[in-house]
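# Results of the structural survey
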Amino acid sequence: RSMGSWRRAACCVGFLCVVAALVLVLPGCLVSSSPLLAAVPALRGLAVQSAFDEAVLQRIAHNALEFSADFETVINNVTAELKAHYPENIHLGEPWIFNCAGGFKTSMLLLHASMTEYVILWGSAVPTVGMSGRHLGEFHDYLLTGKFRQWMEGTVTTREYVPGDHVYHGWYDGSVVELEPGTWMLEHMRGSVPFSLPFGLADSLISQLDFVTVAKAMMGYGKLCALRYLPLLLPGGEL
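Below or above, wherever it landed, is the structure these notes cover. (Residues numbered from 1 in each chain as written. Predicted model: local features only at pLDDT ≥ 70, side-chain atom pairs only at ≥ 80, totals over all residues. Heavy atoms only, no water.)

Moving on to the overall build of the chain. Assigned secondary structure in the chain consists of six helices and 10 strands. Expressed as a percentage of the 239 residues in the chain, the buried residues total 46%. Taking all contacts inside the chain whose residues are at least 6 apart in sequence as the whole, residues at least 24 apart take part in 72%. When the accessible surface of the chain is totalled, it reaches about 12,000 Å², and 64% of it is carbon and sulfur. (Helix = DSSP H or I, 4+ residues; strand = E, 2+ residues; numbered from the N terminus. Buried < 20%, exposed > 50% of the residue type's maximum accessible area, 1.4 Å probe, protein only. Contact = heavy atoms within 4.5 Å. Areas by Shrake-Rupley, 256 points an atom, 1.4 Å probe, with all protein chains shown as cover.)

Now the structure itself:
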């Protein structure tokens with residue numbers, strides 16, 4: 001009972017943190033010459049303090065693919081191995097949440113979240129295409145099933161990725177991305193997560209008026225942020 005109360009309190013605190021972050025970040029996102037861009041070097045330095053190792057994440061994705069090509073088996077193996085490697089930072093049991101951003105129609109499963117990074121499983125059961133947006137952070141995607149096509153700004157050709165490939169999207173890069181039906185991947189983002197929240201929520205909030213999905217996403221992110229930072233208030237707590 002006490003654990004349930006603690007988790008509810010964590011959700012409430014996390015939700016308030018996310019709301020505060022949106023209030024602070026949204027105005028800057030609406031201005032192309034946002035002063036937040038000046039903070040990129042500092043944010044990059046902070047993002048270096050990651051709880052996750054890219055080599056480990058890539059190995060986990062490869063191990064899951066070698067064991068089975070079945071979607072559910074791959075997902076179960078990935079989450080189980082992530083939990084084994086990062087027991088304090090990977091949180092299982094969250095629901096799949098629709099995520100409509102930049103034109104994409106996808107679904108995501110939150111596994112870890114903080115102000116400076118997140119780990120999710122995401123993809124789509126239907127064909128979808130959209131803009132990547134521009135973010136104060138870098139994205140590492142490890143393709144598990146399907147095909148992922150990326151058209152980078154400044155080029156006239158696309159690059160296609162298949163299961164086992166590592167897709168990198170750099171700081172403030174822009175691209176068009178297409179997912180075939182049944183494309184799913186493991187993603188690790190490092191940088192300013194609050195800066196990316198308006199992009200991730202705008203489609204659902206403004207064009208679709210899907211307040212339920214927005215609430216689910218914010219509560220999920222807020223809860224995992226709280227689970228990440230509340231322990232710091234305890235004696236001996238550290239990042």
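Back to the text.
Spatially, the four strands line up as an open sheet ordered E4-E9-E6-E7, and their pairing is antiparallel. Edge strands, defined here as strands with exactly one partner in the open sheet, are strand E4 (128–131) and strand E7 (159–161). Each strand of the sheet is rotated relative to its neighbour by a mean of 20°, with strand direction disregarded. Sheet topology places E4 next to strand E9 (residues 175–179); four bridges connect them, and they run antiparallel. By the bridge assignment for E9, Met131 is matched with Val176. (Pairing = 2+ DSSP bridges. Axes fitted to C-alpha atoms, helices over the stretch in contact; angles between N-to-C directions.)

A few words now on the nonpolar core. Grouped together as the largest cluster of nonpolar side chains are 27 residues, with contacts concentrated most on Tyr118, Ile120, Trp122, Phe148, Leu179, Met185 and Tyr221. Top contributing element to this core by residue count: helix H6 (residues 211–229), with seven residues. Here Tyr118 is in contact with His112, Ala113, Phe139, Glu187, His188, Met189 and Val193, once residues within four sequence places are set aside. (Core = buried A, V, L, I, M, F, W, Y, C linked by side-chain atoms within 4.5 Å.)

Here we take up the environment of Thr155. Secondary-structure assignment places Thr155 in the loop between strand E6 (148–152) and E7. Between the C-alpha atoms of Thr155 and Ser175, which are 20 residues apart in sequence, the distance is 9.6 Å. Engagement of the side chain of Thr155 in a polar contact is seen with the backbone oxygen of Met152, the distance being 2.7 Å. Of note is the side chain of Thr155, whose polar atom sits 3.3 Å from the backbone oxygen of Thr157. (Polar contact = N/O pair within 3.5 Å; in protein donor to acceptor, adjacent residues only side chain to side chain.)

A separate point is the packing of aromatic side chains. Under the counting rule described, the total for this entry stands at six aromatic pairs. The interplanar angle of 75° and the centroid separation of 5.4 Å between the aromatic rings of Trp96 and Trp184 together place this pair among those described as edge-to-face. One end of the pair, Trp96, is in strand E1 (residues 96–101); the other, Trp184, is in strand E10 (residues 183–191), and 88 residues separate them in sequence. In this structure Trp96 comes out as partly exposed when scored by relative accessible area, which is 37%. Exposure remark for Trp184: the relative accessible area of 12% places this residue in the buried category. (Phe/Tyr/Trp six-rings, centres within 6.5 Å; stacked < 30°, edge-to-face > 60°.)

Now for the pattern of salt bridges. The final tally for this structure, using the stated rule, is eight salt bridges. Here Lys223 makes a salt bridge to Glu94, at a shortest N to O gap of 2.8 Å. Of this pair, Lys223 sits in helix H6 while Glu94 sits in the loop between helix H4 (71–85) and E1; the two residues are 129 residues apart in sequence, bridging distant segments of the chain. With respect to class, Lys223 is no different from Glu94; both count as buried. Close ionic contact of Arg190 with Glu138 constitutes a salt bridge, the shortest N to O distance being 2.7 Å. Here Arg190, found in strand E10, pairs with Glu138, found in strand E5 (residues 137–145); they are 52 residues apart in sequence, far enough to count as distant. Judged by its relative accessible area of 18%, Arg190 is buried. Through salt bridges with shared partners, one network takes in Lys147, Arg149, Glu160, Glu178 and Glu180. (Salt bridge = Lys/Arg side-chain N within 4 Å of Asp/Glu carboxyl O.)

Looking now at helix H5 (residues 193–207). Here H5 contains 15 residues, and its C-alpha end-to-end distance of 22 Å stays within 8% of the 21 Å for a straight helix at 1.5 Å per residue. Leu201 marks the point of greatest bend in H5, at about 45°. For H5, the complete set of buried residues consists of Val193, Pro194, Phe195, Ser196, Leu197, Pro198, Gly200, Leu201 and Ser204. (Expected span 1.5 Å × (residues − 1). Bend = angle between axes of the 7 residues up to and from the residue.)

Spatial ordering of the open sheet is given by E1-E2-E3-E10-E5-E8, a layout of six strands whose pairing is antiparallel. For this open sheet the edge positions go to E1 and strand E8 (166–169), each flanked by a neighbour on one side alone. When the angles between neighbouring strand axes are averaged without regard to direction, this sheet yields 30°. When E1 meets strand E2 (residues 104–113), the two strands line up antiparallel, connected through six bridges. Within the sheet, the bridge partner assigned to Phe98 lies in E2 and is Ser107.

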